[in-house]
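Next come the chains, spelled out residue by residue.
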Amino acid sequence: MTLTGNLLIGQRAVTGTQAAIHAIDPATDTPLAPPYAGASAEQLTQACDLAWAAFDAYRETTSEQRAHFLETIAEQIEALGDALIDRANAETGLPKARLLGERGRTCAQLRTFARVVRAGEWLDVRVDNALPERQPLPRPDLRQRQVALGPVAVFGASNFPLAFSVAGGDTASALAAGCPVVVKAHGAHPGTSELVGQAVARAVAKCELPEGVFSLLYGAGREVGIGLVSDPRIKAVGFTGSRSGGLALCQAAQARPEPIPVYAEMSSINPVFLFDAALQDRAESLAQTFVASLTQGAGQFCTNPGLLIARQGPALERFISTAAEHVRQAAAQTMLTPGIASAYANGVAALGENGNARQIASGQPHHGPNQCQAHLFVTSAQAFLADPALKAEVFGATSLVVACDSDEQVRQVAEHLEGQLTATLHLDAADLDCARQLLPTLERKAGRILINGWPTGVEVCDAMVHGGPFPATSDTRGTSVGTAAILRFLRPVCYQDFPDALLPTALQQGNPLHLRRLLDGRREG
């Protein structure tokens, strides 16, 4: 399939007029054709105009129409075949097996949201029938449903070129909610983005939807991104990336005459708590599985275990010794972009120069460009509590062990953590009381709490939460993975004393869509 370097503004392929970006093959540090010229302010406005024009028609498509559309996107992505995998491999350095799995996840979550749309529970229909005889005042007929917020700006992520990018979770959940989407492609994988964008555009045409349901833009720097967030037709934002990038979008969204929500996933070090009995029983096996999680994908996961917390003692020393040996054996891996590799090197250097941290082990040396060499550091709880620099995320295969003197010090370390995507507890039966005392703190700190697992790997399902208190995300009430992600792009509307013929179908008295409703305070079905 031919790559053009064009923007997609609705159904039109258009050449950008601003500074171009080039994908870089991170394994060789060489640029890849074609160049992708950035969108002008006028072209950005055209995309937002089309999205707004499409909104009212698209948000009232039937559940079957919208579900079929999501399924058609999945089919069109699969139809790209090896061309998509080959280009993504060239642009990211990710192994083809990983990319095949990510494509499967991308299509699976599109089909999952199709199921959600058909089920209709996201509408959250509530009906309070009129009580004309009620004293001292009668009650009117009141009916509520959820409606789409409006066009959504989605920003592709660097570390997941498919599952968190053009047709990833933010796009899938926004389209499921009834919101047109304008995507700003990530500069690290523009060719992959174009291929997926073409697939989405073909699905729009096949399903005979308004062309403004989807557009794809490119841009160097932050001009296009800030322009999108500032456009009055955009009503919400989905973002996965750095804290600085997410905060810039939040500031732009709040500076508008009409502020809008930004659902930004930004920063997390994902603390892992190793309890005494578990360490005593299986320190060596825990160390082995920890390093496997740490080095997976060169550590380029937002759920990478960047911090381990445990009480000092022989069992912790066994864990550190074994983990250090596995880190020394870890091969260097190509990182996604030169920028990510440079930031990783700077983060490791900062830890190495910090007198409060002691380097325990380094992975195998690297011989090519943009390589990630794994690292393991150790510090004391006293130093960690006193030094904010030790709490900074290092995006890559580096982790810090915090050795504590007591259970109380473990609790103090937990209290001083920022908001996290995940918190993990490794425990045995004898550790349950200690874990129980720590759990209220962790519920305030993290969106997902794991027992005897590792945080890398995020299941797409109904119960998943991939979010957390700031700075893990900019809005702690949502999730960017799982079916509840649709709720970010909806708002409630109440209809009072409407004649049945004027009500939306979902709210009509006869319940023609056979939805589960809250009817006069009781859940039907």
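Cut-offs applied
Residues numbered from 1 in each chain as written. Predicted model: local features only at pLDDT ≥ 70, side-chain atom pairs only at ≥ 80, totals over all residues. Heavy atoms only, no water. Helix = DSSP H or I, 4+ residues; strand = E, 2+ residues; numbered from the N terminus. Rg over C-alpha atoms; globule rule 2.2 N^0.38 Å. Buried < 20%, exposed > 50% of the residue type's maximum accessible area, 1.4 Å probe, protein only. Areas by Shrake-Rupley, 256 points an atom, 1.4 Å probe, with all protein chains shown as cover. Lys, Arg positive; Asp, Glu negative; His and termini not counted. Charge placed at Lys NZ, Arg CZ, Asp CG, Glu CD. UniProt positions renumbered as here; feature names shortened; annotations may be inferred. Salt bridge = Lys/Arg side-chain N within 4 Å of Asp/Glu carboxyl O. Pairing = 2+ DSSP bridges. Core = buried A, V, L, I, M, F, W, Y, C linked by side-chain atoms within 4.5 Å. Contact = heavy atoms within 4.5 Å. Axes fitted to C-alpha atoms, helices over the stretch in contact; angles between N-to-C directions. 1 Å grid on protein atoms, 1.4 Å probe; cavity = no way out; pocket = protein on both sides within 12 Å on 5 of 7 lines; lining within 4 Å. Points joined across faces, edges and corners; volume = space filled by probe spheres on them.

Side note on the overall build of the chain
Helix and strand counts for the chain come out as 14 helices and 23 strands. For the chain, whose C-alpha radius of gyration is 25 Å, the value lies close to the compact-globule estimate of 24 Å for 525 residues. Projected onto its principal axes, the C-alpha positions of the chain cover 75 × 65 × 40 Å. Counting over 525 residues, the chain shows a buried share of 58%. Roughly 20700 Å² of accessible area belongs to the chain as shown, and the carbon and sulfur atoms make up 53% of that amount. Looking at charge distribution, the chain has the averaged site of its 42 positive side-chain charges lying 3 Å from that of its 51 negative ones.

Brief notes about the UniProt feature "domain: Aldehyde dehydrogenase" (unreviewed entry) in the chain
Mapped onto this numbering, the UniProt entry gives "domain: Aldehyde dehydrogenase" (unreviewed entry) at residues 17-460. Across residues 17-460 one finds 45% helix and 21% strand; the C-alpha atoms that close the span lie 38 Å apart.

A closer look at the pattern of salt bridges
Evaluated as defined, the whole model comprises 32 salt bridges. The salt bridge partner of Arg-488 is Asp-170, with a shortest N-O separation of 2.9 Å. Of this pair, Arg-488 sits in the loop between β20 (446-451) and β21 (490-496) while Asp-170 is found in helix α5 (residues 169-177), placing the two residues 318 residues apart along the sequence. As far as the burial class goes, Arg-488 and Asp-170 line up, both buried. When the shortest N-O distance is used, the salt bridge between Asp-276 and Arg-311 registers 2.6 Å. Here Asp-276 is found in helix α9 (residues 276-295), whereas its partner Arg-311 is found in strand β13 (residues 307-311), with 35 residues between them in sequence. Of the residues examined, Asp-276 reaches a relative accessible area of 31% and is grouped as partly exposed. Residue Arg-311 is classed as partly exposed on the basis of its relative accessible area of 29%.

Section: the sheet that holds strand β6 (residues 142-148)
The strand order across the open sheet built from five strands is β21-β6-β5-β22-β23, with neighbouring strands paired in mixed fashion. With partners counted over all chains shown, the strands left at the sheet margins are β21 and β23 (522-523), one partner each. As paired elements, strand β5 (residues 126-128) and strand β22 (residues 518-519) share two bridges and run parallel to each other. Each residue of the ladder has a partner; that of Arg-126, found in β22, is Leu-518.

A few points about the nonpolar core
Membership of the largest hydrophobic core comes to 92 residues, with the highest contact counts inside it found for Phe-69, Ile-73, Ile-77 and Leu-217. Among the elements that line this core, the one with the most residues is helix α1 (residues 41-59), at eight residues. Contacts of Phe-69, omitting those with residues within four sequence positions, involve Tyr-58, Leu-175, Val-200, Ala-203, Val-204, Cys-207, Leu-209 and Val-213. Membership of the second largest hydrophobic core comes to 67 residues, among which are Leu-279, Ile-320, Ile-340 and Val-402.

Some remarks on the sheet that holds β20
Strand order in the open sheet formed by seven strands is β15-β17-β18-β13-β12-β19-β20, with mixed pairing between adjacent strands. Of all strands in the sheet, those with a lone pairing partner are β15 (358-362) and β20, marking the two edges. The average angle at which neighbouring strand axes cross in this sheet is 20°, direction not considered. Alignment of strand β12 (residues 271-274) against strand β19 (residues 420-426), held across three bridges, turns out to be parallel. The residue bridging Leu-274 from the neighbouring strand is His-426, located in β19. Along the sheet, helix α14 (residues 432-445) contacts β12, β19 and β20; its crossing angle with β20, the most-contacted strand, is approximately 150°.

Digging into the layout of surface pockets
Empty space among the atoms becomes visible once a probe the size of a water molecule is rolled across them. Of the volumes computed, that of the second largest pocket is approximately 370 Å³. In terms of lining, the second largest pocket is formed by 22 residues, of which the most central are Thr-61, Thr-62, Ser-63, Leu-123 and Leu-513. Counting only elements with at least two residues in the lining of the second largest pocket, the list comes to α2 (63-79), α4 (96-119) and β6. Here the element with the most residues in the lining of the second largest pocket is β6; it accounts for four residues.

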